[in-house]
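What follows is each chain in one-letter form.
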Amino acid sequence: MSSGPVIDCCVRQDWGSQREIVDYLPEAWREWVGTRAIGIEAPYRKPGSRRPEFNLSSGTYKANDDDGPSPSLLRGSRPDVADEVLIPGSALYLPAYNNPRLAVALCSAVNDWTIDRWLSNGQSPRRWGSILVPNQSPDEAAAEVRRVGGHPRMAQVLLSVNGLAKPFGHPAYYPIYEAATEVGVPVAISVGSDALPDTLSQTAAIAPPGTFSEYQVLVVQAFMTHVVSLIGQGVFERFPELRIMLVGGSLGWIAPTLWRSDLQYRAFGRDVPWMRRRPSEYFHDHFRVATVDMERDGDVLEATFEAFPQLEQILCLGTGSPADDGWSLEDARDAVPPAWLAGLLRENAAEFYSARIPSTALQEDEVG
Amino acid sequence: MPKTRTALGPLSRFRDRELSSVVVDDMELAVVRWSERVFVMRNRCPHQLGPVCEGIVVSWLGSRGGSEIVVDDNHPVVVCPWHRWEFDLPSGAALRDPKVRLRQFPAWVVEDQVFADLTGRPPTEPEQ
């Protein structure tokens, strides 16, 4: 069994009230928002999720006026976890606002809220934020990366939702990648944020899924599109230092997608002359995958690991804490081969976030 | 000049920047003329045995780094018609899988006649 401090690459953060975000808007935008609701509701919910008896047993950490998360949502201490990378909940959808100006303002407000309420409270474990960007306005998104990317506790840029209806390998997003590599942070893509019915993009081919169950099966299509696009459009030739963390979306789609991509690469070189390596090589060098939503069936996992043993260097623990349907530390320890544990629990993520997260364990005199 | 040589025909028979087919002792050969250079190979793609001479020969198109693409007119590439596999000339190596190679033969031009040594191992450069 692995020992040593753990990095959790997916800890959910959310607001207790949208007023928390509005308070971080500039005065004029606070006036503009007034009493309007700013949240965008996720279109797919688990059965019964609106029932009050489920509200306290799952969800996200919520900031409140006190330091740290709401005690009612704490799932017990996790003494092994030294570092938590925060992934927004409701805020994931804000970049999709049809009003692009408001989307810009809200992303900035969320980032300021994250810095002020989540990263500055001196608590242990160390928390690391994700920079939410209005990716439907790439130049403004890049400006936001440069504005807050220098904060030492901002660990990555988060590409959530897809307001341009273009896969993330499209040159439209290059300003964001340029800014991210300039400030020296990687990028994360979170599954699920492509699901909004009000945007041009869709989670699944053909049409939006009809039920939550269908959505859960098809949600990986968005990841497939983005990964194949990022690789196939030569983004990593243009930005060789760029790295991507995939948050959610299971593992089973990875090997078949890369097998087929490698096949096409061998045959159709003239079609993609800017690609100089096999797609699977780009994936190994530039992508990491958080374990949240990883398959539960042991036989399926074993087959997946056999089909794509490079996952040993790619998998990073992401529990989805405090959600009770995420991967606990103990579950994750039992799910992978023992030789993979050190990589899964810290080494792979430490290397990925090396520009921000120290490689050493939390020291007693560290604050904030 | 190698002792074993087979005449494949006058240079004028082979159109510049095109693939041509020649049969010698029941062996089908594909011949590429690239300006004043000639390349001779088996008319059989190592991928899935497609007829190479029914493909095309083009200038190398690729990248030397970054996202810009470049073309090298001095570097011919044969493209198989079946699956579009590309083969570098003169090495015969598949561009995207160098361990897969076209079977090539030494070829040269003497007094406007094209010759090939069909007995030897494929060279990396054709002999002139």
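Remember, predicted model here, so these are calculated numbers, not experimental data.

Draft legend 1. The arrangement of the overall build of chain A in detail. Along chain A, the regular secondary structure elements total 15 helices and nine strands. For chain A, buried positions account for 55% of its 368 residues. Within chain A, residue pairs in contact and separated by at least 24 positions form 79% of the contacts whose partners lie at least 6 positions apart. As displayed, chain A has an accessible area near 15,400 Å², and 51% of this comes from carbon and sulfur atoms.

Draft legend 2. Representation of the sheet that holds strand β4 (residues 37-42) of chain B within the structure. Residues and elements named next belong to chain B. A sheet is described by the order of its strands in space; here four strands give the open sequence β2-β3-β4-β10, paired in antiparallel fashion. In this open sheet, the two edge strands, each paired with only one partner strand, are β2 (18-24) and β10 (104-105). As judged from the seven bridges shared by β2 and strand β3 (residues 27-34), these two strands associate in the antiparallel manner. Of the residues in β3, the one forming a bridge with S20 is V31.

Draft legend 3. Quick peek at the packing of aromatic side chains. Residue and element names in this part refer to chain A. Here the structure, examined in full by the defined rule, presents 16 aromatic pairs over all chains. Aromatic pair W15 and W113: ring centres 6.3 Å apart, planes at 65°, arrangement edge-to-face. Pair noted here: W15 is in strand β1 (residues 6-15) and W113 is in helix α4 (residues 100-117), with a separation of 98 residues, a long-range link. Ring plane angle 65° and centroid distance 5.3 Å describe the contact between W29 and W32, whose orientation is recorded as edge-to-face.

Draft legend 4. Broad picture of helix α12 (residues 298-307) of chain A. Residues and elements named next belong to chain A. By the burial criterion, the buried members of α12 are L301, T304 and F305. Looking down the long axis of α12, one finds its buried residues gathered within 95° of arc, a one-sided arrangement. Residues of α12 that are exposed and point over 90 degrees away from its buried face: D299 and E306. Buried-residue contacts for α12 involve α13 (311-314), β9 (315-316) and α14 (329-335). The N-cap residue of α12 is D297: its side-chain oxygen and the backbone nitrogen of D299 are 2.8 Å apart.

Rules behind the numbers
- Residues numbered from 1 in each chain as written.
- Chains lettered and ligands numbered in written order.
- Predicted model: local features only at pLDDT ≥ 70, side-chain atom pairs only at ≥ 80, totals over all residues.
- Heavy atoms only, no water.
- Helix = DSSP H or I, 4+ residues; strand = E, 2+ residues; numbered from the N terminus.
- Buried < 20%, exposed > 50% of the residue type's maximum accessible area, 1.4 Å probe, protein only.
- Contact = heavy atoms within 4.5 Å.
- Areas by Shrake-Rupley, 256 points an atom, 1.4 Å probe, with all protein chains shown as cover.
- Pairing = 2+ DSSP bridges.
- Phe/Tyr/Trp six-rings, centres within 6.5 Å; stacked < 30°, edge-to-face > 60°.
- Arc of directions from axis to C-beta.
- Polar contact = N/O pair within 3.5 Å; in protein donor to acceptor, adjacent residues only side chain to side chain.

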